[in-house]
Amino acid sequence: VQLQAYGGGLVQAGGSLTLSCAISGRTSSFFAVGWFRQAPGKEREFVAAISWTGSNTIYADSVRGRFTIARDDIKKTTNLQMNSLKPEDTAVYYCATPHTRFSTAEPESTRYDYWGQGTQVTVSS
């Protein structure tokens, strides 16, 4: 199973970016997907997650109302739409997925078994 996160870049505060996570090596629609981020000198933190059905989503308090996670079954990606970006959103963003089928959205990183390489998001003030 391989995950590829892409779509990061440099954006001004208040701007938007959409990150995408492509999963190969299995039928991705049976598994939850989570997004995490890690800023320099900080621990990795949960951002958002979506269940295998797409009907359940959860968000970190710091991004709720600004970020939206969604599955794109046509492109077979899970996307993170990020609006109203702030400098404190600057981090490397990772997508992850668990080994367990029919998985629910979970905020704990230990629930995820496969991780992508990360994509850098930089928000300038």
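Structure's up top.
This text gives an overview of the structure that appears in the document. (Residues numbered from 1 in each chain as written. Predicted model: local features only at pLDDT ≥ 70, side-chain atom pairs only at ≥ 80, totals over all residues. Heavy atoms only, no water.)

Topic: the overall build of the protein
Scanning the protein for helices and strands turns up zero helices and eleven strands. Relative to the globule expectation of 14 Å for 125 residues, the C-alpha radius of gyration of the protein, 13 Å, shows essentially globular dimensions. Within the span of the protein, comprising 125 residues, buried residues form 44% of the whole. When the accessible surface of the protein is split by element, carbon and sulfur atoms take 48% of a total near 6,500 Å². Put simply, the protein has 12 plus and 10 minus side-chain charges, and the middle of one group is 4 Å from the middle of the other. (Helix = DSSP H or I, 4+ residues; strand = E, 2+ residues; numbered from the N terminus. Rg over C-alpha atoms; globule rule 2.2 N^0.38 Å. Buried < 20%, exposed > 50% of the residue type's maximum accessible area, 1.4 Å probe, protein only. Areas by Shrake-Rupley, 256 points an atom, 1.4 Å probe, with all protein chains shown as cover. Lys, Arg positive; Asp, Glu negative; His and termini not counted. Charge placed at Lys NZ, Arg CZ, Asp CG, Glu CD.)

A look at the pattern of salt bridges
Within the structure shown, the criterion is met by five salt bridges. Put simply, Arg64 and Asp61 hold a salt bridge, and the shortest N to O gap is 2.6 Å. Residue Arg64 is classed as partly exposed on the basis of its relative accessible area, which comes to 47%. What emerges from the salt-bridge pattern is a single network uniting Arg37, Glu45, Arg66 and Asp89. (Salt bridge = Lys/Arg side-chain N within 4 Å of Asp/Glu carboxyl O.)

Section: the nonpolar core
Most often, soluble globular proteins have nonpolar side chains that are buried together. Grouped together as the largest cluster of nonpolar side chains are 32 residues, with contacts concentrated most on Trp35, Val47, Phe67, Leu80, Met82 and Tyr93. Within the residue set of this core, elements represented by two or more residues are strand S1 (2-6), strand S3 (17-24), strand S4 (33-38), strand S5 (45-50), strand S7 (67-72), strand S8 (77-82), strand S9 (91-97) and strand S11 (119-124). Of the residues forming this core, the biggest block, five residues, is contributed by S5. (Core = buried A, V, L, I, M, F, W, Y, C linked by side-chain atoms within 4.5 Å.)

A few points about the packing of aromatic side chains
This structure, assessed with the given rule, holds seven aromatic pairs. Geometrically, the ring pair formed by Tyr112 and Trp115 is edge-to-face, given 6.4 Å between the ring centres and 65° between the ring planes. When its relative accessible area of 26% is taken as the criterion, Trp115 is described as partly exposed. Here a set of aromatic residues connected by ring pairs shows up, and it is made of Phe36, Phe46, Tyr112 and Trp115. Residue placement shows Arg26 over the ring face of Phe31; its charged tip is 3.4 Å from the ring centre. (Phe/Tyr/Trp six-rings, centres within 6.5 Å; stacked < 30°, edge-to-face > 60°. Lys NZ or Arg CZ within 6 Å of the ring centre and 35° of its normal.)

Side note on unusual backbone geometry
In the Ramachandran plot, Lys76 falls in the positive-phi region, its phi being about 60° despite a non-glycine side chain. Checked against the element boundaries, Lys76 lands in the loop between S7 and S8. Owing to a relative accessible area of 59%, Lys76 belongs among the exposed residues under this scheme. At Ser84, a position not held by glycine, the phi torsion is positive, near 50°.

Topic: the side chain of Ser103
With respect to the helices and strands, Ser103 occurs in the loop between S9 and strand S10 (114-115). A distance of 2.8 Å separates a polar atom in the side chain of Ser103 from the backbone nitrogen of Ala32. Other than its neighbours up to four places away in sequence, Ser103 contacts Phe30, Phe31, Ala32, Ser51, Trp52 and Pro98. (Polar contact = N/O pair within 3.5 Å; in protein donor to acceptor, adjacent residues only side chain to side chain. Contact = heavy atoms within 4.5 Å.)

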